[in-house]
Amino acid sequence: MTLLSVEGLGIDFGGVTAVDGVGFTAEPGRIVSVIGPNGAGKTTLFNMISGVYLPHRGRVRLDGEDVTGLAPNRLAERGLSRTFQNLQVFLRMSVLDNVMAGRHLAERGSTLADLLGLPSTRRRSRETERAARALLERVGLERAAEREASALSYGALKRLEIARALAARPRLLLLDEPAAGCNPVETEEIDALIAAIAAEGVAVLLVEHDMKLVMKISHHVVVLDHGEKIAEGAPEAVARDPKVVEAYLGAHAGREGSHALG
Amino acid sequence: MRPLFAKPISAKQATLLVLLLLIAVAPAFFPSNFYYRVGTLIFINGLAVTGLVVLIGYAGQISLGHAGFAGLGAYACALGPVHLGLPPALSLVLGAVLSGLLAWLVGRPILRLKGHYLAIATLGFGVLVSMVLANEAWLTGGPDGMAVADLGLRGLLKSAGIKVGNAELWYWLAGLILLAGAWLALNLKDSPSGRALRSLHDSEVAARTVGVDVARYKLSAFVISAVYASVSGSLLALTNRFVTPDIANFLHSIELVTMTVLGGAGTVIGAATGALLLTALPQVLTALQEYEHIVFGLIMMLVMIFLPDGLLPSLHRLLRRRVS
Ligand SMILES: Nc1ncnc2c1ncn2[C@@H]1O[C@H](COP(=O)(O)OP(=O)(O)OP(=O)(O)O)[C@@H](O)[C@H]1O
Ligand SMILES: [Mg+2]
C-alpha cells in the first residue's frame, strides 16, 4: 500500500536544474533512503515534498491525493512531518516547549480561549506536556527539558528535532541527515530509534551520508546524482551498482566512495 | 512544618504578584497627589506595551504604527458620546472592536512583509491615521483636538457612598486594567496559541512544518496588540478629558516600541519595567521633557547596541554569571 508517491519531480534555480524527473514511492512501516553526493539535490527533493519549495514539474501524492504545492502546514495536517539538515530549532524556547510546539495540530484551539486561560486550554496544554516529556525520554533528552534549546549540543539538537517531528504523530517522516555531527554511540541510538519509528507503521524517508547506517536500516534506497535518479533498489543491489559507485567516486574519490563500496 | 509553597510558583503567578504588590504599595510612598497621575500614565502605557509584547516579543513582528490604534480608541471615546449618544465606557469597547477589525483588515496584506518592509508599512498606517485625525476637522476638531466626556465612574461611586479623589480613582482603575491585560498576555504565553506564536518567531519554516498557519497567527497577534493599544488610547483620553491627534503620532508609536524593547520584549514584567522607566523619567525630571524624544531615540539606540535582549533579560544574565 503506497502512502507517498513522487512522480517526475523537478525544480530549477535561476536556470540551473537542481532536481529533475525524480520519482519513487514510500510505504507505511518501511524506510526509504535517499543518497547521493553533496549537492545531488536530496534536501531540495525533501523541500519539494514537504511544501517548502514549489516544484516546477511533477506530482506529489499522499494516499493518492494530489498534494503538489500545498503549504507545509496543510501537508502537516495530512500527516507529513520532517527534520532539517541545517537545524530549524526554536532556539529561544525551552527544550520541552520545542517538542510541545510540535504537537500544535493536536492542541490548537481558539486563541480567545487561550487568552482567557479557560480549562479546556489548560487541559490541552497538560496533555501536550505529558506527550512531550515521553518523547524527550524516547530521544534521551528528558533531563534537559527545562533548559533553553540554544544551550544544547549539536547532536542533542538533532534529536530534539526528531522528538518535535514525532510530536505531530506523523504517518510520513522525512529525516534530513539525522546522524550528522553525532558520535558513533549517538549514531547507533538514532539508528535504533529510526528503526523503531518505522516498526510502528510510519513511512520514513531518510537522507543520510553514513552509509553503514543506510545499509543497515533501509528497506529501499534511491540514489540521486546531479538532481537525477541514477539507481534505485534494495540496499545491497544499489551498493554494487556500477553507476552508483562511479557517481560517488567521481564526486569524491575518497571517503564516501569507499563507504558506498564497503 | 509544611513548606510555604507546595510547589514553586510559576513565572505567570510571580509576575502578577509583583505587579499587584507594586500597584498596591506604591501610593504609600507618594509625596503628593501628582504621583497618582504619574502612576496612571505608567499603567496606561504599560497596557499598550503589554499588547506589543504579544506582537514583538512572542510573535517577533514589528509595528511602528500602533499609536494609530491608540488614536482610534481615544477618538472613539471622544466621538461616541457626542455622535452616537453612547456612554464613554461603551465607546471604549466600540473603539476596541473597531481597532481589532481594522487591524484584521490592514494586517492581512501587511503581515506578509518582513523586517524593514513591515516596519515601513506599519509606520505608513500610523501616519495615515494621525493625518486623518488632524485633517478631518469637521469630525475630530482637527489639530486643536476635542473634549472627552466624563467616564462617570466617580459619580457612580459617590452615589454608592464611596468618596474617592479623581487622581486616585484613575490610579486604581488603570492599575486594575493593566493587571487584567497582563493576566491575559501571560495566559497566552504558555498556551497552544502562545507556543505557535513563539515558534514562528524563531523559525517560520519549522513552525509551518509542525502545522502552524503562520499568516493566521501573525494576524491574531496583530489584532490582539491593536486592541490593547486601543484600550490604552481610550483610557488616556478619558483620564485627560481631552484628546488631540498627537496621540496617534509616529513619535507615540516609537515611544511604545522603545518601552517594549527596553524592558525586554519577550516578557510582560519587562514591558511593565520599560513603561515605568520611560513614563516616569520625563515626568519626574521635568528638565528632560523638552528633550524627551531625543532621549527616547538615544535610549532605543543604546538598548539595541548594548542590550539587544532588553534590560531585564540582560540583567538577569549578568546576575547569573556573578552567582556562578
Ligand atoms: N534555494 C536555492 N537557491 C539556489 N540554489 C539552490 C537552492 N537550494 C538548493 N540549491 C542548489 O541545488 C543543488 C542541490 O542542493 P541540495 O542542498 O538539495 O543538495 P544535497 O543533496 O542536499 O547536498 P548535501 O549532501 O550537501 O546536503 C545545489 O547545487 C544547490 O546549490
Ligand atoms: Mg542536503
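Residues numbered from 1 in each chain as written. Chains lettered and ligands numbered in written order. Predicted model: local features only at pLDDT ≥ 70, side-chain atom pairs only at ≥ 80, totals over all residues. Heavy atoms only, no water.

A. Expanded view of the overall build of chain B. Each helix and strand in chain B was counted, giving 15 helices and two strands. The C-alpha radius of gyration computed for chain B amounts to 20 Å, which stays within 12% of the reference 20 Å derived for 324 residues, consistent with globular compactness. With the C-alpha coordinates of chain B rotated into their principal frame, the extents come out at 55 × 55 × 40 Å. Restricting to contacts in chain B with at least 6 residues of sequence separation, those with at least 24 account for 79%. Accessible surface for chain B amounts to roughly 15,300 Å². Of this, 70% is attributable to carbon and sulfur atoms. The averaged location of the 13 negative side-chain charges in chain B is 13 Å from the averaged location of its 21 positive side-chain charges. (Helix = DSSP H or I, 4+ residues; strand = E, 2+ residues; numbered from the N terminus. Rg over C-alpha atoms; globule rule 2.2 N^0.38 Å. Contact = heavy atoms within 4.5 Å. Areas by Shrake-Rupley, 256 points an atom, 1.4 Å probe, with all protein chains shown as cover. Lys, Arg positive; Asp, Glu negative; His and termini not counted. Charge placed at Lys NZ, Arg CZ, Asp CG, Glu CD.)

B. Inspection of the site of ligand 1 at higher detail. Residues and elements named next belong to chain A. Close to ligand 1 lie 13 residues, the nearest being Gly39, Lys42, Thr43, Thr44 and Gln85. Alanine 40 is positioned such that a nitrogen or oxygen atom in its backbone is 3.2 Å from an oxygen atom of ligand 1. A distance of 2.9 Å separates an oxygen atom of ligand 1 from a polar side-chain atom of histidine 209. For the shell around ligand 1, the element with the most residues is helix 1 (residues 42-49), which contributes three residues. Residues belonging to the shell around ligand 1 are distributed by class as follows: four nonpolar, seven polar and two charged. (Near = heavy atom within 4 Å. Polar contact = N/O pair within 3.5 Å; in protein donor to acceptor, adjacent residues only side chain to side chain. Nonpolar A, V, L, I, M, F, W, Y, C, P; charged D, E, K, R; others polar.)

C. Layout of the coordination of the magnesium ion (ligand 2). All names here are of chain A. Within the protein, Thr43 (OG1) and Gln85 (OE1) serve as the donor atoms for the magnesium ion (ligand 2), at 1.9 to 2.0 Å. One end of the pair, threonine 43, is in helix 1; the other, glutamine 85, is in the loop between strand 6 (80-82) and helix 3 (95-101), with 42 residues separating them in the sequence. Accessibility expressed as a relative area gives 25% for threonine 43, which makes it partly exposed. (Donors = N, O, S within 2.8 Å, 3.2 Å for Na, K, Ca; no water. Buried < 20%, exposed > 50% of the residue type's maximum accessible area, 1.4 Å probe, protein only.)

D. Fine view of the pairing of strand 9 (residues 220-225) of chain A. All names here are of chain A. In terms of burial, strand 9 is largely enclosed, as six of its six residues are buried. Residues of strand 9 alternate between two faces, with His220, Val222 and Leu224 on one and Val221, Val223 and Asp225 on the opposite face, all of them buried. Pairing of strand 9 with strand 10 (residues 228-233), which is carried by five bridges, proceeds in the antiparallel orientation. Note on strand 10: the bridge partner recorded for valine 222 is glutamate 232. The antiparallel hairpin formed by strand 9 and strand 10 contains two residues in its connecting segment, where histidine 226 sits at a positive phi of about 50 degrees. (Pairing = 2+ DSSP bridges.)

E. Structural context of the side chain of A:Ser5. Residue and element names in this part refer to chain A. Within the secondary structure layout, serine 5 lies in strand 1 (residues 4-13). Residue classification places serine 5 among the buried positions, given a relative accessible area of 12%. At 3.1 Å, the side chain of serine 5 and the side chain of glutamate 7 are in polar contact. Beyond its immediate sequence surroundings of up to four residues, serine 5 is in contact with Phe24, Thr25, Arg59, Val60 and Arg61.

F. The sheet that holds strand 1 of chain A, seen in detail. All names here are of chain A. Overall, antiparallel pairing links the four strands, which are arranged 2-1-4-5 in an open sheet. The strands lining the two open edges of the sheet, one partner per strand, are strand 2 (16-26) and strand 5 (65-66). Note that strand 4 (residues 57-62) and strand 5 share two bridges and pair antiparallel. Within strand 5, the position partnered with leucine 62 by the bridge is glutamate 65. Sitting on the sheet, helix 1 touches strand 1, strand 2 and strand 4, and the angle it makes with strand 1 is about 115 degrees. (Axes fitted to C-alpha atoms, helices over the stretch in contact; angles between N-to-C directions.)

G. Here's a closer look at the side chain of A:Asp191. Tracing the sequence through the fold places A:Asp191 in helix 8 (residues 184-199). Aside from chain neighbours lying at most four places away, what touches A:Asp191 is A:Leu213, A:Lys216 and A:Ile217.

H. Geometry of the confidence of the model for chain B. For chain B, per-residue confidence averages 89 on the pLDDT scale, and residues scoring 70 or more make up 94% of the total. Scoring the predicted complex yields pTM 0.91 and, for the interface, ipTM 0.91. (pLDDT = per-residue confidence, 0-100.)

I. Expanded view of the packing of helix 3 (residues 67-84) of chain B against helix 4 (residues 88-110) of chain B. Residues and elements named next belong to chain B. Between helix 3 and helix 4, whose axes approach to 8 Å, the crossing angle comes to 135 degrees. As far as their axial angle goes, helix 4 and helix 3 are oblique. Like other packed secondary-structure pairs, helix 3 and helix 4 cross with a definite hand, here right-handed. Contacts between helix 3 and helix 4 pair Phe69, Leu72, Gly73, Ala76, Cys77, Gly80, Pro81 and Leu84 from the former with Pro88, Ser91, Leu92, Leu94, Gly95, Leu98, Ser99, Leu102 and Ala103 from the latter. (Parallel < 35°, antiparallel > 145°, perpendicular 65-115°, else oblique. Left-handed = near helix turned anticlockwise from the far one by under 90°.)

J. Representation of the pattern of salt bridges in the model. Residue and element names in this part refer to chain A. Summed over the entire model, instances satisfying the criterion amount to 25 salt bridges over all chains. In this structure, glutamate 129 and arginine 133 form a salt bridge, with 3.0 Å as the shortest nitrogen-oxygen distance. On the criterion of helical spacing, the pair formed by glutamate 129 and arginine 133 is a turn pair, its members being four residues apart in helix 6 (residues 119-138). What emerges from the salt-bridge pattern is a single network uniting Asp12, Asp20 and Arg57. (Salt bridge = Lys/Arg side-chain N within 4 Å of Asp/Glu carboxyl O.)

K. Highlighting the nonpolar core. Grouped together as the largest cluster of nonpolar side chains are 89 residues, with contacts concentrated most on B:Val54, B:Tyr58, B:Leu197 and B:Val243. Beyond its immediate chain neighbours, meaning those up to four positions away, B:Val243 contacts B:Ala74, B:Tyr75, B:Ala78, B:Gly145, B:Met146, B:Val148 and B:Ala237. (Core = buried A, V, L, I, M, F, W, Y, C linked by side-chain atoms within 4.5 Å.)

L. Local environment of the packing of helix 4 of chain B against helix 11 (residues 214-240) of chain B. Residues and elements named next belong to chain B. As a packed pair, helix 4 and helix 11 sit with axes 8 Å apart at the nearest point and diverge in direction by 145 degrees. Crossing angle aside, the handedness with which helix 4 passes helix 11 is right-handed. Contacts between helix 4 and helix 11 involve Pro88, Leu92, Gly95, Ala96, Ser99, Gly100, Ala103, Trp104, Gly107 and Arg108 on the former and, on the latter, Leu219, Phe222, Val223, Ala226, Val227, Ser230, Val231, Ser234, Leu235 and Leu238. Of the residues in the contact of helix 4 with helix 11, the class split is 13 nonpolar, six polar and one charged.

M. Here's a closer look at a nonpolar patch on the surface. All names here are of chain B. There is a patch of nonpolar side chains on the surface, built from Leu84, Leu90, Val93, Leu94, Val97, Leu98 and Leu101 and spanning about 610 Å² of accessible area. Considering each element in turn, the nonpolar patch owes the most residues, six residues, to helix 4. Inspection of the secondary structure puts leucine 98 in helix 4. (Patch = residues over 30% accessible without salt bridge, like charges linked within 9 Å, V, L, I, M, F, W, Y side chains within 5 Å.)

N. Representation of the packing of aromatic side chains in the model. This model, assessed by the stated rule, comprises 10 aromatic pairs over all chains. When the centroid spacing of 5.0 Å and the interplanar angle of 90 degrees are considered together, the rings of B:Tyr171 and B:Trp172 count as edge-to-face. Judged by its relative accessible area of 35%, B:Trp172 falls in the partly exposed class. Put simply, the rings of B:Phe30, B:Phe34, B:Tyr35, B:Tyr36, B:Phe43, B:Tyr171 and B:Trp172 pair up and form one aromatic cluster. Of note, A:Arg164 hangs over the ring of A:Phe90, and the distance from its end group to the ring centre comes to 4.6 Å. If you follow B:Arg216 out to its NZ or CZ, it ends over the ring of B:Tyr217, 4.4 Å from the centre. (Phe/Tyr/Trp six-rings, centres within 6.5 Å; stacked < 30°, edge-to-face > 60°. Lys NZ or Arg CZ within 6 Å of the ring centre and 35° of its normal.)

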